Amino acid sequence: MRTRFTDFLFSQKRNKKIGLLLGPTLFLVILLYPTPQGMENITKSKNLPPFSPQIALGTMIWMIIWWVTESIPLGLTGLLAPFIFVISGILSARQALSTFADPIIWIFISGFILAAAFHKWGLDKRIAYFFAMLYKGSNPQVAVLFIICLPAFLLTMAGSITVSAAILFPFVIAFLNTLNIPTSNYNSKNDSKHGKDNKDKDNKEQNQIPVSKQNDNNNGNYSEASFLALGQAATAGAMLFLISTAPNLIAKATVEEFVPGKTISFTDWFIIGSPQAIIGLLVSWAVIFLMMRPEFHSLPVSRHQFRSSLETIGKITREEKIILSILLSALILWVVPSILKSLINESQFGFYSGLIKMLITNIPESIPALLIILAIALIRPRRNAPLLTWDEMTRSVDWNVVILFGGGLVLGLGVESSGLASWIALELSSNFGTEFTSWSIFGISAILGFVMSYAASNTASAVIVCPLAATLAIGAGLNPIPPILAAALACSISSSIPSTTPPMAIIYSSKKVKISNMFKTGITSDLIRLVILLLLGPILIGLVFK
């Protein structure tokens, strides 16, 4: 007799089979479709075959279908982009493969290694208990909002949503483990000779924290929702500060380029972006728990039990202090250059301006990531015992996620290099022409940024769409600042598949998040946030730029 579980299982298998065939089929259909004249004109200027934009569009749809249906491993799907773009001549092999060593990839790797170090020495549990004690209630959904979402949201002040998700990731695992909710085998591969010490601590903690009696499905629902909330909270935080993510700074630079004498200050962005960020955080959190309701109505652990467990762990160890120092040092190097970069055109630093510009230039966000890796490998708090051995470090990295996101970056590069993005801009301009209104250009810029971010990273999307938005507005005789900001904000919304934004790729590495649930909750919250941007954005921008 077939149960709901078996029906679901068969449905998943069927979807994988359909996706496996549908992806390449649509690729061939798009490739065989007669090439529009506009595409031919664009590709001639780039010395590319006339069907290059069709190849990029077909590849994008093929990869998205395979990612959503999980027809094959997601990392393997990521390799489609470099393979197709290289053999078609859209990208050189050096261009395509070097993207897998993009600076943002090193933040991924450092995040995995930092999580392994936190787990090995028990620092993840200590901080998770501390966060858990900040919430005095027992509602499981509200607990996620305060214990997971708010820290991730506020930590985007480090200047990177990737950093925020990477730092909070081990704390989420530890928090769920304190509730005796299984998270995966993620941490088991990082155990070492210190595993015995940690097991002794765990045994003591079991006397303080009761084992949850919920079934595996319910536990899985809550843990999956918690990881999704982490990714969505970090993604929503992209709009909070001017330094929270690269598209914000790209919008600032685009305004300064197209509107001489105008700029976006830290305060300007906070007025425009922070309401969108806060609403986005609440919308995504609400959508996740409306669509993935846990069946237990109160946390199985009380605040008093968290406090008792924290006391059981004992005093902070030397190793934990060193790891915290490494993290704080990296945070300083992430925050300070980002803040200075946002202020460099507004203040006169006099004698120190050269030093500050050198600091901004020579310490991009990938350098603190390298600091984390080197420090964890080289610092030896005990004789001949590093914080993590090299073997532990290499085994802690989820290479499937690294290759997945690298493939997403190659896809974005191919979309731009093929002329597909330029063709879309040309079609919009020729179809609307002088009929543009300020609101229609604002809406088109936002929608274009939103759609483009599903094919490319939010940074690459902003690089493509922000100048395009400015060009469309100026061509229609309108103020280009609102469309530029609309495009930048919209580029930071997408969160429905792992390739759309780094935090979603990071939470996928937990192995507790199903792509189907990520897509279902992500596309719902994304569309709601896009509508809110279209309705609220012009009003907020009007408060600053009248």
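Residues numbered from 1 in each chain as written. Predicted model: local features only at pLDDT ≥ 70, side-chain atom pairs only at ≥ 80, totals over all residues. Heavy atoms only, no water.

## Describing the overall build of the chain
As a reminder, the rule being used: Strands here are runs of E lasting at least two residues and helices are runs of H or I lasting at least four, both read from the DSSP assignment and numbered beginning at the N terminus. Throughout this description, buried means an accessible area under 20% of the type-specific maximum (1.4 Å probe, protein chains only), exposed means over 50%, and partly exposed covers the range between. Contacts are assigned to residue pairs that have any heavy atoms within 4.5 Å of one another. What sets the accessible areas is the Shrake-Rupley method with a 1.4 Å probe; for residues, cover comes only from the shown protein chains.
A count of helical and extended segments in the chain gives 26 helices and 0 strands. For the chain, buried positions account for 56% of its 546 residues. Residue pairs in contact within the chain that sit at least 24 positions apart in sequence constitute 81% of those at least 6 positions apart. Of the roughly 23000 Å² of accessible surface on the chain, 65% is carried by carbon and sulfur atoms.

## With respect to the packing of aromatic side chains
Cut-off, in case you're wondering: Note on aromatic contacts: the rings of Phe and Tyr and the six-membered ring of Trp form a pair at centre separations within 6.5 Å, being stacked when their planes are under 30 degrees apart, edge-to-face when over 60 apart, and tilted otherwise.
Inspection of the entire model under this criterion finds 7 aromatic pairs. Judged by centre distance (5.8 Å) and plane angle (40°), the ring pair of F169 and F227 falls under tilted. Of this pair, F169 sits in helix 10 (residues 161–178) while F227 sits in helix 12 (residues 216–236); the two residues are 58 residues apart in sequence, bridging distant segments of the chain. The two residues F169 and F227 agree in class, both being buried. Of the aromatic side chains, those joined through ring pairs into one cluster are F27, W62 and W66.

## Describing the nonpolar core
The condition is simple: Nonpolar core, defined: a set of buried Ala, Val, Leu, Ile, Met, Phe, Trp, Tyr and Cys residues in which side-chain atoms within 4.5 Å join the residues together.
F85, I167, F175, Y222, I376 and L485 are the most contacted members of the largest nonpolar core, which totals 165 residues. Those residues in contact with F175 that lie beyond four places of it in its chain are A128, A132, I147, I148, Y222 and F306.

## Side note on the side chain of S495
So the rule is basically this: Pairs of N or O atoms within 3.5 Å make up the polar contacts considered here, provided that, within protein, one atom can donate a hydrogen while the other can accept it, and that residues adjacent in sequence are counted only when both atoms are side-chain atoms.
Position of S495 relative to the elements: it lies in the loop between helix 24 (481–490) and helix 25 (502–508). On the basis of relative accessibility, which here comes to 0%, the residue S495 falls in the buried class. At a separation of 2.9 Å, a polar atom in the side chain of S495 contacts the side chain of Q232. Looking at S495, its side chain comes within polar contact range of the side chain of D526, at 2.8 Å. Dropping the residues within four chain positions of it, S495 is found in contact with Q232, T235, Y454, T500, T501, M504, M518, G522, S525 and D526.

## Concerning the confidence of the model for the chain
Spelled out, the test is: Scored from 0 to 100, pLDDT reflects the predictor's confidence in each residue.
Considering every residue of the chain, the mean pLDDT works out to 80; 83% of them sit at 70 or more. Contacts of residues 5–10 to residues separated by more than four positions or lying in other chains number 2 contacts, the stretch itself having pLDDT below 50.

## Focus: the packing of helix 3 (residues 52–69) against helix 20 (residues 399–417)
Test applied: To get an axis, a line is fitted to the C-alpha atoms, and for a helix only the part in contact is used. The angle between two axes follows their N-to-C directions and goes from 0 to 180 degrees. The labels follow the angle: roughly parallel below 35 degrees, roughly antiparallel above 145, roughly perpendicular from 65 to 115, and oblique for the rest. Each crossing gets its handedness from the near helix: less than a right angle anticlockwise from the far helix is left-handed, clockwise is right-handed. Three residue categories are used. Nonpolar comprises Ala, Val, Leu, Ile, Met, Phe, Trp, Tyr, Cys and Pro, charged comprises Asp, Glu, Lys and Arg, and polar comprises the others, including Gly.
The contact between helix 3 and helix 20 brings their axes to 9 Å, and the two run at 155°. Comparing their axes, helix 20 and helix 3 come out roughly antiparallel. In the packing of helix 3 onto helix 20, the handedness of the crossing is left-handed. Contacts between helix 3 and helix 20 involve A56, T59, M60, M63 and W67 on the former and, on the latter, L404, G407, G408, L411, G414 and V415. For the contact of helix 3 with helix 20, the class distribution of residues is 7 nonpolar, 4 polar and no charged.

## Observations concerning a nonpolar patch on the surface
Test applied: Like-charged residues within 9 Å of one another, or nonpolar side chains (Val, Leu, Ile, Met, Phe, Trp, Tyr) within 5 Å, are grouped into patches, provided each residue has over 30% relative accessible area and no salt bridge. Think of a salt bridge as a Lys or Arg side-chain nitrogen and an Asp or Glu carboxyl oxygen that are within 4 Å of each other.
Taken together, the side chains of W106, I367, L370, L374 and L378 define a hydrophobic patch exposed on the protein surface, amounting to about 460 Å² of accessible area. Element by element, the count of residues in the nonpolar patch is highest for helix 18 (residues 366–378), at 4 residues. Here L374 lies in helix 18. Residue classification places L374 among the exposed positions, given a relative accessible area of 51%.

## Side note on the environment of G237
Along the chain, G237 turns up in the loop between helix 12 and helix 13 (246–258). In sequence terms G237 and L155 are 82 residues apart; their C-alpha atoms lie 8.2 Å from each other. Those residues in contact with G237 that sit more than four places away from it in its chain are F153, T156, I161 and S244.

## Quick notes on the packing of helix 22 (residues 438–452) against helix 23 (residues 458–475)
Where helix 22 contacts helix 23, the two axes come as close as 10 Å, and the packing angle between them is 165°. One finds that helix 22 runs roughly antiparallel with respect to helix 23. Of the two elements, helix 22 crosses helix 23, and the hand of that crossing is right-handed. Contacts between helix 22 and helix 23 pair I441, S445, L448, G449 and M452 from the former with S461, I464, V465, L468, A469, L472 and A473 from the latter. Split by residue class, the contact of helix 22 with helix 23 holds 9 nonpolar, 3 polar and no charged.

## Description of unusual backbone geometry
One non-glycine residue, K511, lies in positive phi territory at about 65°. With respect to the helices, strands and loops of the structure, K511 is situated in the loop between helix 25 and helix 26 (515–544).

## Thoughts on the side chain of S110
Within the secondary structure layout, S110 lies in helix 7 (residues 103–120). Residue classification places S110 among the buried residues on the basis of a relative accessible area of 2%. The residues touching S110, leaving out its near neighbours within four places in the chain, are A369, I372 and I373.

## With respect to the environment of S244
As for its placement among the helices and strands, S244 is situated in the loop between helix 12 and helix 13. For S244, a relative accessible area of 0% gives the class buried.

## Overview of helix 7
Put simply, the rule reads: A helix is expected to span 1.5 Å for every residue after the first.
In a regular helix each residue adds 1.5 Å, so 18 residues correspond to 26 Å; helix 7 covers 26 Å between its end C-alpha atoms and thus fits that length. For helix 7, the tally of buried residues reaches 16 of 18 residues, placing the bulk of the element in the interior. Trailing helix 7 by a residue or two, G122 shows a phi angle of about 80°, which is positive.

## As for the pattern of salt bridges
Using the criterion set out here, one finds 6 salt bridges in the structure. Note that E320 and R126 form a salt bridge whose closest N and O atoms lie 2.7 Å from each other. Remark: R126 occurs in helix 8 (residues 123–134) and E320 occurs in helix 16 (residues 318–343); sequence separation between them is 194 residues. Here E320 and R126 have matching classes, each one buried.

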